[in-house]
Amino acid sequence: MTSQQTDDAASATNEDRWRALAVCLVAGFMTLLDVSIVNVALPAIAKGIHASSSDLQWIVSGYALTFGLVLVPSGRLGDVLGRRTMFIIGVLVFGVSSLACGLAPNPTVLVIARLVQGVGGGILNPQVSGLIQEMFSGAERGRAFGLLGATIGISTAVGPITGGAILSWLGDDAGWRWIFLVNIPIVIAAVILARLWLPPAKQKLRELTADLDPVGVLLLGATVVLLLLPLVQNGQRGSQALPWWLAVIGVVCGAGFVWWERRYRAQGGDPLVDLSLFSVPGYTPGAVIGTVYFAGFTGIFFVLTIHFQESLGYSPLLAGLAVTPFAAGSAVTSALSGRLVARFGRALITGGLLLVLIGLIAVDVVLVNVHGSRTGWALFLPLLVAGLGSGFVISPNVTLTLNDVPVRRAGTAGGMLQTGQRIGTAAGIALVGSVFFSSGTGGPGGHDGASAAIRVTALLVLVALVASLIDLRNRAHPHGRHEPGRTADSVPS
């Protein structure tokens, strides 16, 4: 092969990688968008198929519950059976259930379809981070994770505006159904392009009887369900609260899971989660920071979109537009952070958290001092600042947390990381929601409730900032555990 042919082949391979990444990000965006897009359609769903408040609660929380439940087992299956295979399975499950949601004749069918849709999202998402680990290295991996971070941040923020736009365009009766049906053409394209562009498994696939640690799967599943269920249930307004001792049982199951995984490995088995992951440089502090940060920043949209509609009389579309500055800021800095993370490491995340905190303090000041329809305009700059900071947090944290994880464990590690994010999201919304609703959302109490809730989100971001500062200090003083020629948070080039 000539030098020109070699260069052409390398260029083609490089182009294929970025095409494959685009397929992954579009599919991941679709599943994460469905976390929040449905919120603005709940009144239309209640009217259209006579859904009760309990039905609406499960339409929202059931998706989050099953999404979080299957993340780690799906990541493990991707490591064993091949990530392209599991990616396509996840897309197909998500697509079929989206069709069922859009055609649902009654609340029961819609709830069941949403549960299955969450399973599809949970199968698909760990494969995305695993494929990035597999396809990219060095500075390119940082840029790829930067785009993934932008996808996560934007999908969370634009859900309300996307849902509001569809409802405004098609009306309530058809609009809520098309919130789900719009996924179908994306699913068809994703399956076709995934077969063309996603890399096949490098090694011969293991038999389906491979050691998948079923006891570990059950214990982790029980842990996730018992932790998430009271959080997502109690975070919904007007829901029948579940006892918090369920979460205590979940913690006990989690301890049992850790004990089993250690015992299983000692006996020569291949555990669901190799606990040595938590000794990989950067993995544990990154997982903690990610979990706490997601508990904080997702509450911003939950609070403000309801506050704009119920206290200020905004339409769903205007409420979505009002939080767009956060999404725009996050998109810009997420793309930049992929290039900056190799240079600044964890310091970039710390600076981003500080910027988010400053933005949230400014949001609180606006909510206290500005009332009426002018509130949305007054929040433009504070939300933009917070969004700019968020872009320096999410994708760099994912990049550095997974940086030193072996590629063969990338799916499992990514699944664990996202499970923490889902638990953090549910816990944050439950906490922020209880403060918000107890303070009142309409009338004179509206601004007080929103302000109190934003202060809670700011406190959670402060906790993440403190954790990041502690990690940064530990990296500056590694007590002799420094690897020659390399810092712990560097991205290999």
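As a reminder, the structure under discussion sits directly above these lines.
The rules we used
Note that residues are indexed from 1 along each chain, following the sequence as it is written. Given that this is a predicted model, residues contribute local features only at a pLDDT of at least 70 and side-chain atom pairs are listed and counted only at 80 or more, while totals for whole chains, interfaces and linings are drawn from all residues. Values shown for side chains rest on all heavy atoms present in the structure; no hydrogens or waters enter the calculation. Every axis corresponds to a line fitted to the C-alpha atoms, with the helix fit spanning only the stretch in contact, and the corresponding angles, defined between N-to-C directions, vary from 0 to 180 degrees. Think of it this way: any DSSP run of H or I at least four residues long counts as a helix, any run of E at least two long counts as a strand, and we number them from the N terminus. Roughly parallel means an angle under 35 degrees; roughly antiparallel means over 145; roughly perpendicular covers 65 to 115; every other angle is labelled oblique. Each helix crossing is assigned a hand: it is left-handed if the near helix lies turned anticlockwise from the far helix by less than a right angle, otherwise right-handed if that turn is clockwise. We call two residues in contact when some of their heavy atoms are within 4.5 Å. Here the term charged refers only to Asp, Glu, Lys and Arg, the term nonpolar to Ala, Val, Leu, Ile, Met, Phe, Trp, Tyr, Cys and Pro, and the term polar to all other amino acids, Gly among them. Each patch is built from residues that are more than 30% exposed by relative accessible area and take part in no salt bridge. Like charges join if they lie within 9 Å; nonpolar side chains (Val, Leu, Ile, Met, Phe, Trp, Tyr) join within 5 Å. Here the accessible surface of atoms and residues is derived via Shrake-Rupley with a 1.4 Å probe, and residues count as covered only by protein chains that are part of the display. Salt bridges are defined as contacts in which a side-chain nitrogen from Lys or Arg sits within 4 Å of a carboxyl oxygen from Asp or Glu. Any residue under 20% of the maximum accessible area for its type is buried, any over 50% is exposed, and the rest in between are partly exposed; the area is computed with a 1.4 Å probe on protein chains only.

Bringing the packing of helix α4 (residues 83-102) against helix α7 (residues 183-197) into the picture now. Their axes nearest at 9 Å, the elements α4 and α7 cross at an angle of 165°. Taken as axis vectors, α4 and α7 run roughly antiparallel relative to one another. Handedness of the crossing formed by α4 with α7: left-handed. Contact residues: α4 offers Arg84, Phe87, Ile88, Val91, Leu92, Phe94, Gly95, Ser98 and Leu99, while α7 offers Asn183, Ile184, Val187, Ala190, Val191, Ala194 and Arg195. Residues that form the contact of α4 with α7 fall into these classes: 11 nonpolar, 3 polar and 2 charged.

Right, let's get into a nonpolar patch on the surface. Residues Leu459, Leu462, Val463, Val466 and Ile470 make up a contiguous nonpolar surface patch of roughly 400 Å² in combined accessible area. Summarising the element assignment, Ile470 is placed in helix α18 (residues 445-476). A relative accessible area of 41% places Ile470 in the partly exposed class.

All right, on to unusual backbone geometry then. Here His50, not a glycine, exhibits a phi torsion of approximately 55°, which is positive. Mapping His50 onto the fold places it in the loop between α2 (42-49) and α3 (53-81). Residue classification places His50 among the exposed residues on the basis of a relative accessible area of 69%.

What follows is about the side chain of Thr66. By the secondary structure assignment, Thr66 is in helix α3. By relative accessible area, which is 12% here, Thr66 ends up buried. Among residues more than four places away in sequence, those in contact with Thr66 are Arg114, Leu115, Gly118 and Val119.

Attention shifts here to the environment of Phe301. Counting through the fold element by element, Phe301 comes out in helix α10 (residues 283-310). For Phe301, a relative accessible area of 4% gives the class buried. Along the primary structure Phe301 and Ala322 are separated by 21 residues, whereas in three dimensions their C-alpha atoms are 9.9 Å apart.

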